[in-house]
2 protein chains.
Amino acid sequence: LLAAAIDRCGSPVCVGLDPVLDKLPAVVRAGHSEPVEAIRAFSLGVIRAVAGQVPAIKFQSACYERYGAPGLSVLEHGIAVARELGLVAILDAKRGDIGISAEHYAAAAFGRMHADWLTVSPYLGPDTLEPYLAERYATAGKGIFVLVRTSNPGSDLFQTLPMADGRSVAHMMADAVDAAGSRSIGVSGLSTVGAVVGATKPDDAARLRARMPNAIFLVPGYGAQGGTAADIVALVRAGSGSVGTRGVLVTASRSVIYAFSEQQGGQLEKIGAADGWMVAVADSASTLASEIAMICR
Amino acid sequence: LLAAAIDRCGSPVCVGLDPVLDKLPAVVRAGHSEPVEAIRAFSLGVIRAVAGQVPAIKFQSACYERYGAPGLSVLEHGIAVARELGLVAILDAKRGDIGISAEHYAAAAFGRMHADWLTVSPYLGPDTLEPYLAERYATAGKGIFVLVRTSNPGSDLFQTLPMADGRSVAHMMADAVDAAGSRSIGVSGLSTVGAVVGATKPDDAARLRARMPNAIFLVPGYGAQGGTAADIVALVRAGSGSVGTRGVLVTASRSVIYAFSEQQGGQLEKIGAADGWMVAVADSASTLASEIAMICR
């Protein structure tokens, strides 16, 4: 389903929705006395602005959980609207637990929230991935992105440490992802077990792709964090067909959702176009989609 | 604060609240047409039953998130009631993210929910622990339990793997926990950075304690999962004073919260004591507290 959505849009790009109150456009903040309602208005605005421009949107769960139960309602609302508008909805919640608790997280993300993909943290062991891979989720096209090699600087203090067998921690995790995903490879050749692999670790890119030939990589770190076109190319699957089967989904958050400037905003409001910030978001998403489409041709 | 609460109760025991609908007492299910309201009634019943018997209660976030925003409201309600009744509230949510997202998780758990402790998953790197250790949280007595050596069987497929430097993955993480906690050691000699260390890994217990001399261990796995008195003793801090400073908090979930049997329940209902299940929970918590108090004398 993700591969098909990428093919429809022509570019493997995901917009990351990480709304933080004090960064919202002034016009959005001014319109809502409740912070969580400003978060709702902004989220729905971004979703509408990027629908049709990109195949997928990623919701940062923490930004909604911050507001408790009302925040979770806004998150659920956002996922529903995104899916109605044809976007694949990724819930970036980095969940990880054992047995029945993991089953509950899967039920929360896939059953209740109707997210299409969920990010999962693997520290508890490979068995803790299983509940998300239950047949009823797989047949509904649900998948997980497992944290393997993240883009934050501190990840090097752990994920690159060498194991006794010569692999790094991240390589060991990559092998676990490949093993878990080998049972669930669809007609596209892609598995429902993907991986988070940052675009900021060029030395590791080719090796991680070799270890996970069938995984879709959710790729943060392009642009502002230093990831380049070459870094993306190194993550693309060898010999893949359509752009949807290249196995990368480049995700960008702040550079897209905060693409407006307050100066522009003030000018637009004067001429009665208070939604000018949405135009800036749409333009930015479209520019990024073109850029990544060129890279992944 | 946790050490003081343990000293007041005389036993380092925590009841794990992992409510699953189909395991609730029939009388609770029958009284509520909305599943989430049955979860609320059961949660509040357990909290009231164990308050005064044990120092702490651990809420399994997944069991509440399963019900979306209403579930989160129940969780928030439960934490508030638990704290009112003098229980230290641990939110078992195993969160882990970078930068601003981690700040939002900390704000959700400590600022919004008012949990006293939060479980945290460390795969993203040691820098991702920092937002939870901000001064405003430390001064309010908030702390984290970092996943180090968990009690699930599959954890051995990852946490015990040897690193090139001779440490296991869990030992490497233990050293990171010790380093992160070294700045925040209170008058009790204990740090606000604790660790989850299962009671089911006897070979590792003494070594993990040696690597984290100042950490409080949240210890699952006692009893039903196979952990013994000797396994708990091996995790206790050497030369510690009062029971609150011994650095262990043994946690038990199902053996306590599902201590009633439906047979008993039916008999009790006949004589008009529909809350008999709460008596069974209270008895079970009290028995466990006595048992662990003996072990940790």
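Parameters and conventions
Residues numbered from 1 in each chain as written. Chains lettered and ligands numbered in written order. Predicted model: local features only at pLDDT ≥ 70, side-chain atom pairs only at ≥ 80, totals over all residues. Heavy atoms only, no water. Least-squares fit on C-alpha atoms with pLDDT ≥ 70 in both. Contact = heavy atoms within 4.5 Å. Buried area = accessible area lost by both parts, 1.4 Å probe. Salt bridge = Lys/Arg side-chain N within 4 Å of Asp/Glu carboxyl O. Polar contact = N/O pair within 3.5 Å; in protein donor to acceptor, adjacent residues only side chain to side chain. Helix = DSSP H or I, 4+ residues; strand = E, 2+ residues; numbered from the N terminus. Nonpolar A, V, L, I, M, F, W, Y, C, P; charged D, E, K, R; others polar. Axes fitted to C-alpha atoms, helices over the stretch in contact; angles between N-to-C directions. Parallel < 35°, antiparallel > 145°, perpendicular 65-115°, else oblique. Left-handed = near helix turned anticlockwise from the far one by under 90°. Buried < 20%, exposed > 50% of the residue type's maximum accessible area, 1.4 Å probe, protein only. Pairing = 2+ DSSP bridges. Arc of directions from axis to C-beta. Expected span 1.5 Å × (residues − 1). Phe/Tyr/Trp six-rings, centres within 6.5 Å; stacked < 30°, edge-to-face > 60°. Core = buried A, V, L, I, M, F, W, Y, C linked by side-chain atoms within 4.5 Å.

Draft legend 1. Main features of the relation of the copies chain B and chain A. Overlay of chain B on chain A (RMSD 0.0 Å): rotation 180°, translation along the axis 0.0 Å. Considering both components of the superposition, the chain copies are consistent with a two-fold axis.

Draft legend 2. Quick look at the interface of chain B and chain A. On the side of chain A, 55 residues touch chain B, which itself brings 54 residues to the contact. Both sides of the chain B and chain A interface together cover about 4,500 Å² of buried area, and 65% of this is carbon and sulfur. By the criterion of area lost to chain A, the three top residues of chain B are His104(B), Tyr123(B) and Phe158(B), representing 17% of everything that side buries. For Arg95(A), the salt bridge is made with Glu65(B), and the minimal N-O distance between the two is 2.7 Å. On inspection of chain B and its partner chain A, the count reaches 25 residue pairs in polar contact (both at pLDDT 80 or more). Contributions of two or more residues to the side of chain B that touches chain A are made by helix 4 (61-65), helix 5 (68-84), strand 3 (88-95), helix 6 (99-112), strand 5 (143-149) and helix 8 (169-181) of chain B. Broken down by class, the residue content of the side of chain B that touches chain A amounts to 30 nonpolar, 15 polar and nine charged.

Draft legend 3. Representation of the packing of helix 3 (residues 35-50) of chain A against helix 5 (residues 68-84) of chain A within the structure. Residue and element names in this part refer to chain A. Contact geometry of helix 3 with helix 5 gives a least axis separation of 10 Å together with a crossing angle of 15°. Judged by the angle between their axes, helix 3 and helix 5 are roughly parallel. Here helix 3 runs over helix 5; the crossing is right-handed. Contacts from Val36, Ile39, Arg40, Leu44, Ile47 and Arg48 in helix 3 reach Pro70, Gly71, Val74, His77, Gly78, Val81 and Ala82 in helix 5. Partitioned by chemical class, the residues of the contact of helix 3 with helix 5 number eight nonpolar, three polar and two charged.

Draft legend 4. Seen up close, the pairing of strand 4 (residues 117-120) of chain B. Residues and elements named next belong to chain B. By the alternation rule, side chains of strand 4 split into Trp117 and Thr119 and Leu118 and Val120, which are all buried. Here strand 3 runs beside strand 4; their pairing, made up of three bridges, is parallel. Looking at strand 4, one finds that Leu91 is bridged to Leu118. Judged from the four bridges that link them, strand 4 and strand 5 form a sheet pairing that is parallel. Across the sheet, the residue bridging to Leu118 is Ile144, located in strand 5.

Draft legend 5. Broad picture of the sheet that holds strand 6 (residues 193-197) of chain A. All names here are of chain A. Ordered by their spatial adjacency, eight strands build a closed barrel running 1-2-3-4-5-6-7-8, and the pairing between neighbours is parallel. Between one strand axis and the next, the sheet turns by 30° as a mean value, whatever way the strands run. Across five bridges, strand 2 (residues 56-60) lies against strand 3 (residues 88-95) in parallel orientation. Within strand 3, the position partnered with Phe59 by the bridge is Leu91. Of the strands in this sheet, strand 1 (13-17) and strand 2 are in contact with helix 3, which crosses strand 1 at around 170°. Each of strand 3, strand 4 (117-120) and strand 5 (143-149) is contacted by helix 6 (residues 99-112), which is oriented at about 145° to strand 4, the strand it contacts most.

Draft legend 6. Region of interest: helix 9 (residues 202-211) of chain B. All names here are of chain B. Along helix 9, the positions that sit buried rather than exposed are Asp204, Ala205, Leu208 and Arg209. All buried residues of helix 9 fall inside an arc of 135° around its axis, so they share one side. Exposed residues lying more than 90 degrees from the buried face of helix 9 are Asp203 and Ala210. Tucked inside the fold, the buried residues of helix 9 contact strand 5, helix 8, strand 6 (193-197), strand 7 (217-219) and strand 8 (248-252).

Draft legend 7. The arrangement of helix 6 of chain A in detail. For helix 6 of chain A, with 14 residues, the first-to-last C-alpha span of 18 Å sits near the 20 Å given by 1.5 Å per residue. Those residues of helix 6 of chain A lying buried are Ser101(A), Ala102(A), His104(A), Tyr105(A), Ala106(A), Ala107(A), Ala108(A), Ala109(A) and Phe110(A).

Draft legend 8. The arrangement of the sheet that holds strand 2 (residues 56-60) of chain B in detail. Residues and elements named next belong to chain B. Strand order around the closed barrel formed by eight strands is 1-2-3-4-5-6-7-8, with parallel pairing between neighbours. Averaged over all adjacent pairs, the angle separating strand axes in this sheet is 30°, with direction ignored. Taken strand by strand, helix 8 contacts strand 5 and strand 6, and its axis lies near 160° from that of strand 5.

Draft legend 9. Layout of the side chain of Lys58(A). Residue and element names in this part refer to chain A. Tracing the chain through its elements places Lys58 in strand 2. Looking at Lys58, its side chain comes within polar contact range of the side chain of Asp92, at 2.8 Å. With sequence-adjacent residues up to four places away left out, Lys58 is seen in contact with Cys14, Val15, Gly16, Leu17, Asp18, Ile90, Asp92, Leu218 and Thr251.

Draft legend 10. Here's a closer look at the packing of helix 5 of chain A against helix 5 of chain B. Relative to each other, helix 5 of chain A and helix 5 of chain B sit at 165°, their axes nearing to 8 Å. The orientation of helix 5 of chain A relative to helix 5 of chain B falls into the category roughly antiparallel. Crossing hand, helix 5 of chain A versus helix 5 of chain B: right-handed. Touching Gly68(A), Ala69(A), Leu72(A), Ser73(A) and Glu76(A) of helix 5 of chain A are Gly68(B), Ala69(B), Leu72(B), Ser73(B) and Glu76(B), all from helix 5 of chain B. A breakdown of the residues in the contact of helix 5 of chain A with helix 5 of chain B according to their chemical character gives four nonpolar, four polar and two charged.

Draft legend 11. Seen up close, the packing of aromatic side chains. Residues and elements named next belong to chain A. Enumeration according to the criterion identifies 13 aromatic pairs over all chains in this entry. Measuring from centroid to centroid gives 6.5 Å for Phe260 and Trp277, while their planes differ by 75°, and the two rings are edge-to-face. A residue pair is termed long-range when its members are at least 10 positions apart, and Phe260 in the loop between helix 11 (254-257) and helix 12 (262-270) and Trp277 in helix 13 (residues 276-295) qualify at 17 residues. Summarising the burial analysis for this pair, Phe260 and Trp277 share the class buried.

Draft legend 12. Representation of the nonpolar core. Formed by 220 residues in total, the largest nonpolar core has its most connected members in Phe59(A) and Phe59(B). Excluding its chain neighbours within four sequence positions, the residues that come into contact with Phe59(A) are Leu17(A), Ile47(A), Tyr64(A), Leu75(A), Gly78(A), Ile79(A), Ala82(A), Ala89(A), Ile90(A), Leu91(A) and Asp92(A).

Draft legend 13. View of unusual backbone geometry. Residues and elements named next belong to chain B. With phi around 45°, Lys94 is a residue other than glycine that occupies positive phi space. When you line up the elements, Lys94 lands in strand 3. On the basis of relative accessibility, which here comes to 9%, the residue Lys94 falls in the buried class.

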